[in-house]
Amino acid sequence: MDQELRKAFPGFGEKLSRELTRLGKVVEFSDGEQIMRPGQFFRSTLIVLEGRVKVYREGDDGGEFFLYHLEPGGACALSMICAMKQEQSQLKATADGPVRALAIPIDHMDGLMRDHKEWYHFVLQTYRDRFEGLLELMDQVVFHSMDEKLEFYLKRQFDVIGGRIQITHQQIADDLNSSREVISRLLKKMENRGLIEASRQEIIRRNM
């Protein structure tokens, strides 16, 4: 477990890795399984060892808006804040494929921050990265059209997953709070521009 943790989090020293291994509990989730739901109180914070976690914001009308993915070596900054302040979650998260993570009880967060500089810096960097990512996302949502949002969305996916994405038009529409018909039409336009190659369940990066 210690080696697995240090592989996903190379910035963690041996002492911190041993401590996290001692304090934490390995949890596993299957594809599509809910990991976090709105209104939930946290007893632990998760750091991702393997797989990807998809994080959403749920609106008052029940609609969902995709925010970001958590990859191996990552953690959800907003869940950390809710955990330490003992507040309810405002987010929803599901496993995007099989996920293996380490759950760290919130009772130990203050001690880890105090006793391990690597953990302190990791938490601060996680907050900073997520804040900058959300600012970029907000800019796309507020100031850009749907075709620009779609291009931004796909670039994020390609940068994380690689040049070939297994995803349906409906899944993209759900993530962008749009309709399948609109997304299919915009994907066709992008395909005509030579940016991508799209089929029903796969999108290939070409000149993006």
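Here the structure is a predicted model, which is why all the values come from computation and not from measurement. (Residues numbered from 1 in each chain as written. Predicted model: local features only at pLDDT ≥ 70, side-chain atom pairs only at ≥ 80, totals over all residues. Heavy atoms only, no water.)

S.K.: I tried to follow helix α6 (residues 146–161) on my own but got confused; where do I start?
M.R.: An α-helix turns once every 3.6 residues. As a result, residues three or four positions apart point the same way. Given a rise of 1.5 Å per residue, 16 residues ought to cover 22 Å, and the 22 Å separating the end C-alpha atoms of α6 matches this to within 8%. All of the buried residues in α6 are K149, L150, E151, F152, Y153, L154, Q157 and F158. (Helix = DSSP H or I, 4+ residues; strand = E, 2+ residues; numbered from the N terminus. Expected span 1.5 Å × (residues − 1). Buried < 20%, exposed > 50% of the residue type's maximum accessible area, 1.4 Å probe, protein only.)

S.K.: What should I look at first to understand the sheet that holds strand β3 (residues 44–50) in this one?
M.R.: The strands that make up a sheet are held in pairs by hydrogen bonds between backbone atoms, and each pair lies either parallel or antiparallel. Ordered in space as β1-β7-β3, the three strands form an open sheet in which the pairing is antiparallel. A single partner strand is all that each edge strand has here, and the edge strands are β1 (25–29) and β3. When strand polarity is set aside, the average angle formed by the axes of neighbouring strands in this sheet is 35°. (Pairing = 2+ DSSP bridges. Axes fitted to C-alpha atoms, helices over the stretch in contact; angles between N-to-C directions.)

S.K.: It is not clear to me how the layout of surface pockets should be interpreted in this structure. Could you clarify?
M.R.: If you roll a probe as big as a water molecule over the atoms, it shows you where there is empty space left. Reported here for the largest pocket is a volume of approximately 470 Å³. For the largest pocket, the lining is made up of 24 residues, of which Y68, H69, R130, R156 and V160 are closest to its centre. Of all the elements in the fold, those that place two or more residues in the lining of the largest pocket are β5 (64–70), α5 (117–143) and α6. Ranked by residues supplied to the lining of the largest pocket, first place goes to α5 with nine residues. In this model, the second largest pocket occupies a volume close to 350 Å³. (1 Å grid on protein atoms, 1.4 Å probe; cavity = no way out; pocket = protein on both sides within 12 Å on 5 of 7 lines; lining within 4 Å. Points joined across faces, edges and corners; volume = space filled by probe spheres on them.)

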